[in-house]
Amino acid sequence: MIYQLTLHTAGVIAGAFLVVVGVFGLMKPNFAQVVKQFPRSRLAGVVLLTICLAWTFWLVATIQMGEFSSFRRPLLIALPIGYVLTLFFVDEFLAVRALGILCLLTAEPLLDAAFLRYETSRLLLTVFAYLLIIAGLFWVAIPYVLRDQINWTARSVFRWRCLHAIALVYGCVILRFTFTQY
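Draft legend 1. Region of the structure containing the overall build of the protein. Helix and strand content of the protein: eight helices and zero strands. When the helices and strands of the protein are listed from N to C terminus, the series reads α-α-α-α-α-α-α-α. Its C-alpha atoms give the protein principal-axis dimensions of about 50 × 45 × 20 Å. Taken across its 182 residues, the protein has 35% of its residues classed as buried. In the protein, the share of contacts with a sequence separation of at least 24, taken over all contacts with a separation of at least 6, comes to 81%. Here the protein contributes 14 positively and 7 negatively charged side chains, and the mean placements of these two sets differ by 11 Å.

What follows is the structure in structure tokens.
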């Protein structure tokens, strides 16, 4: 196990995140106009990519790599170089690509916490983790998809609130099972 995260802690984090996003989206439907600017935000891209760099650097520096341990030093050198090159040459949808990378990084601790657990409700976290993986893969490879998703969701207040209501309900269900079964 790379992360020493229990299923309870992972459930609290994921459930609280979904509840906060859901409540905020329900309370502030006009925030959709701000979210529409996210895909092209340079500042958000730099911040998210820096978080991804730090997380990835920590992972490469600490994980057991087995027979690939000879690649550790070149990877630790290549990561900051790739970060700088990405900042210089990837201007288009940097925030979306960085968010996709962050989704991919976030899914692993959730799956790790649910690994070899017998509770059926662990699948709530597993499904959320796989949704993060699917979204992350699309957002990294085809970043304009997030822009289109945001535009479709923000086209009406009803859609915006429905999406956030689903996130709120899903987060509440995760929290309920977290506090009663894990």
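Draft legend 2. Structural view of the packing of helix α1 (residues 7–27) against helix α6 (residues 122–141). Here α1 crosses α6 at 55 degrees, and the two axes come no closer than 10 Å. With respect to each other, α1 and α6 are oriented oblique. For the crossing formed where α1 meets α6, the hand is left-handed. For the pair α1 and α6, contact is made by Leu 7, Ala 10, Gly 11, Ala 14, Phe 17 and Leu 18 and by Arg 122, Leu 125 and Phe 128, respectively. Counted by class, the contact of α1 with α6 contains seven nonpolar, one polar and one charged residues.

Draft legend 3. Focus on the nonpolar core. Core analysis: the largest hydrophobic core is formed by 23 residues, its most contacted members being Leu 7, Leu 110, Leu 125, Phe 128, Leu 132 and Trp 139. Sorting the residues of this core by element identifies α1, α5 (94–114), α6, α7 (144–153) and α8 (157–181) as the ones contributing at least two each. Of all the elements, α6 adds the most residues to this core, at seven residues. Setting aside chain neighbours within four positions, we find Leu 110 in contact with Ala 10, Ala 14, Leu 125, Phe 128, Ala 129 and Leu 132.

Draft legend 4. Region of interest: the pattern of salt bridges. For the coordinates displayed, the defined rule picks out four salt bridges. Arg 42 is the salt-bridge partner of Asp 91, the closest N and O atoms lying 3.2 Å from each other. Placement of Asp 91 in the loop between α4 (72–89) and α5 and of Arg 42 in helix α3 (residues 42–62) is noted, with a sequence separation of 49 residues between them. The class of Arg 42 is partly exposed, set by a relative accessible area of 38%.

What counts, and at which threshold
- Residues numbered from 1 in each chain as written.
- Predicted model: local features only at pLDDT ≥ 70, side-chain atom pairs only at ≥ 80, totals over all residues.
- Heavy atoms only, no water.
- Helix = DSSP H or I, 4+ residues; strand = E, 2+ residues; numbered from the N terminus.
- Buried < 20%, exposed > 50% of the residue type's maximum accessible area, 1.4 Å probe, protein only.
- Contact = heavy atoms within 4.5 Å.
- Lys, Arg positive; Asp, Glu negative; His and termini not counted.
- Charge placed at Lys NZ, Arg CZ, Asp CG, Glu CD.
- Axes fitted to C-alpha atoms, helices over the stretch in contact; angles between N-to-C directions.
- Parallel < 35°, antiparallel > 145°, perpendicular 65-115°, else oblique.
- Left-handed = near helix turned anticlockwise from the far one by under 90°.
- Nonpolar A, V, L, I, M, F, W, Y, C, P; charged D, E, K, R; others polar.
- Core = buried A, V, L, I, M, F, W, Y, C linked by side-chain atoms within 4.5 Å.
- Salt bridge = Lys/Arg side-chain N within 4 Å of Asp/Glu carboxyl O.

These figures capture arrangement, not role.
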